[in-house]
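Below, each chain spelled out in residue letters.
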Amino acid sequence: MALYVQKFGGTSVGSVERIKAVAQKVKGFRDQGHQVVVVVSAMSGETNRLTDMATALNSEPEPREMDMLLSTGEQVTISLLAMALQQLDVPATSHTGAQVGIHTDSAYTKARIQRIETDELQEDLDAGKVVVVAGFQGVDDEGNITTLGRGGSDTTGVALAAALKADECQIYTDVDGVYTTDPRVCSKAQRLETITVEEMLELASLGSKILQIRAVEFAGKYNVPLRVLSSFEDGPGTLIVADSDEDEDSMEEPLISGIAFTKSEAKLTLLNTPDVPGVASRILGPIADANIEVDMIVQNVAPAGDYTDFTFTVAKGDYKATKKILEEQVIPDLGGGDLRGDDNIAKVSLVGVGMRSHAGVASKMFRVLADENVNIRMVSTSEIKISVVIDEKHMELAVQALHKAFGLNKSDIEPE
């Protein structure tokens, strides 16, 4: 007998029929003798509906009241799923985040879990019940309902699995696992049997939307086995495992696990800025003060030696605001400099722990792109990642070429 924590997202519980299907899937695990805790999101579209009503009444609603409102979405789902399970003669009980003992800080709309009290939950499991828990929410020390922010239900599932020492946390989505890249861009993308927490964190941060970064971080910190599965079809999914032991022989480690990409960034360059200590802080300080995050940074020394070109990327949604800050604050402070901007770029990234033990990944990547006549604008690297900024129009071509060149296509890995 094993203990599973299973999380189902909004699409998976988006209608009565889908809730019935989830109940059947949960029943199958219980019939095998397993203990099951189910974490659910609000039904798809419900959070947006509630938010629209709130903003129709108050353009800037208080965060506390928003948490009170949005938490009701999950409360509807847990009740309906518990009813569906009971109809199948499966003993089930529903719990809100507060009832199940998920205690958070008081940062409304983006609360952090501080502790989980599992005694009552464990009693229900020991009594043979399936426990259905509202994801995305908890309660602070004052008894106020809080929500965990974006990806909160994934975080709830992983946190409960850690607290209960579950055998596995299963995240059910509308895809059947983690792929080497987005199959909509590269039809020969393959599903990965396993991937490390470290690789999954990189893929999530670089544009893959399968799992939220926060949940993956939680799984890595507490060593929770995490599996991504499809709500709509059977299959083994993808198991996300603890990072590889660096002392072990990694010769058989796949060189590249996946290719991530995003069109959601923009590039800005300040030309002819003074090449003196502190100039980077004077450029980026006002941007940070505006709560704008900077991603890639490249600084070049101009031929004269006294001036530098400073290039960086931000989220595309922050492009105009960043340009305004540079024009109105930074350039006057620096005493001049020309500004260039481009919001038609894409970032393509290779990710794989195998890079640690293999040389030449970057040179091969650059050669493949050159053969396709794709110009590289910026480069950023880490131990297990290489990212390049290219023109947006070349993104799909670059992904497909790299996917083939690094042996990730289905035809390259199928046995003879």
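Each chain has its residues counted from 1, following the order in which its sequence is written. Under the rules for a predicted model, residues below a pLDDT of 70 receive no local features and side-chain atom pairs below 80 are neither given nor counted, while totals for whole chains, interfaces and linings still include all residues. Note: side-chain values were computed over all heavy atoms of the structure, leaving out hydrogens and water.

Each reported salt bridge corresponds to a side-chain nitrogen of Lys or Arg within 4 Å of a carboxyl oxygen of Asp or Glu. If you walk through the whole model with that rule in mind, you get 19 salt bridges. The shortest N-O distance in the salt bridge between K27 and D31 comes to 2.8 Å. Placement of the pair is K27 and D31 together in helix α1 (residues 16-31), with a separation of four residues, close to one helical turn. Only protein chains enter the accessibility calculation, which uses a 1.4 Å probe; a residue whose area is less than 20% of its type maximum is buried, one above 50% is exposed, and one in between is partly exposed. Residue K27 is classed as partly exposed on the basis of its relative accessible area of 22%. Here E383 makes a salt bridge to R356, at a shortest N to O gap of 3.3 Å. Of the two residues, E383 sits in the loop between β19 (378-382) and β20 (385-391) while R356 sits in the loop between β18 (345-351) and α10 (361-371), which places them 27 residues apart along the sequence. Taken together, the salt bridges that share partners define one network made up of R115, E117 and D141. Labels follow the DSSP assignment, with helices taken as runs of H or I lasting at least four residues and strands as runs of E lasting at least two, numbered in each case from the N terminus.

With that out of the way, let us pick up the side chain of D140. Following the sequence through the fold, D140 ends up in the loop between β7 (137-139) and β8 (145-147). For the purposes of these results, a polar contact is taken to be a pair of N or O atoms within 3.5 Å, where, inside protein, one atom must be able to donate a hydrogen and its partner to accept one; residues adjacent in sequence count only when each atom of the pair is a side-chain atom. Within the structure, the side chain of D140 is placed 2.9 Å from the backbone nitrogen of E142, a separation counted as a polar contact. When sequence neighbours within four positions are dropped, the list of residues in contact with D140 reads T104, D105, S106, Y108 and T146. Whether two residues are in contact is decided by their heavy atoms: any pair within 4.5 Å suffices.

Bringing the packing of aromatic side chains into the picture now. Two aromatic rings from Phe, Tyr or Trp, using only the six-membered ring of Trp, form a pair when their centres are within 6.5 Å; if the ring planes differ by under 30 degrees the pair is stacked, by over 60 it is edge-to-face, and anything between is tilted. For the structure on display, the rule yields four aromatic pairs. Consider the rings of Y4 and F29, whose centres lie 5.3 Å apart with planes at 75 degrees: the pair is edge-to-face. Taken together, the residues span a long stretch of sequence, with Y4 in strand β1 (residues 3-8) and F29 in helix α1 at a distance of 25 residues. Overall, Y4 belongs to the buried group, its relative accessible area being 15%. Here, a charge over a ring is recorded when the distance from Lys NZ or Arg CZ to the ring centre is within 6 Å and its angle to the ring normal is within 35 degrees. Sitting over the face of the ring of F406, K364 holds its NZ or CZ atom 4.7 Å from the ring centroid.

Moving on, we get to the sheet that holds β1. Overall, mixed pairing links the eight strands, which are arranged β3-β6-β2-β1-β9-β11-β12-β10 in an open sheet. Either end of the sheet is taken by a strand with one partner, and the two such strands are β3 (92-95) and β10 (194-196). The average angle at which neighbouring strand axes cross in this sheet is 20 degrees, direction not considered. Whether two strands pair comes down to DSSP finding at least two bridges between them. Relative to strand β2 (residues 35-40), β1 runs parallel, the two being bridged by six bridges. Bridge pairing in β2 links F8 to V40. Fitting a line to C-alpha atoms yields each axis, with helices limited to the stretch in contact; the angle taken between N-to-C directions then spans 0 to 180 degrees. In the packing of helix α3 (residues 63-87) onto the sheet, contacts are made with β2, β3 and β6 (130-134), and the angle to β6 comes to roughly 165 degrees.

For strand β13 (residues 258-262), the tally of buried residues reaches five of five residues, placing the bulk of the element in the interior. Burial along β13 is two-sided: the face carrying G258, A260 and T262 and the face carrying I259 and F261 are both buried.

Relative to the helices and strands, T72 resides in helix α3. Sequence separation between T72 and T47 is 25 residues, and the spatial gap between their C-alpha atoms is 9.1 Å. At 2.6 Å, the side chain of T72 and the backbone oxygen of L69 are in polar contact.

Here the phi dihedral of K165 falls at roughly 55 degrees; this positive angle occurs in a residue that is not glycine. Of note, N223 is a non-glycine position whose phi angle comes to about 55 degrees, a positive value. Structurally, the position occupied by N223 is in the loop between α7 (213-222) and β11 (226-230). For N223, a relative accessible area of 55% puts it in the exposed group.

As summarised here, the arrangement of the four strands in space is β13-β18-β20-β19, forming an open sheet in which the pairing is antiparallel. Strands at the two margins of the open sheet, each flanked by one partner only, are β13 and β19. For this sheet, the mean angle separating the axes of adjacent strands, direction not counted, is 15 degrees. Direction of pairing for β13 relative to β18: antiparallel, over a ladder of five bridges. Note that in β18 the partner of T262 across the bridge is K347.

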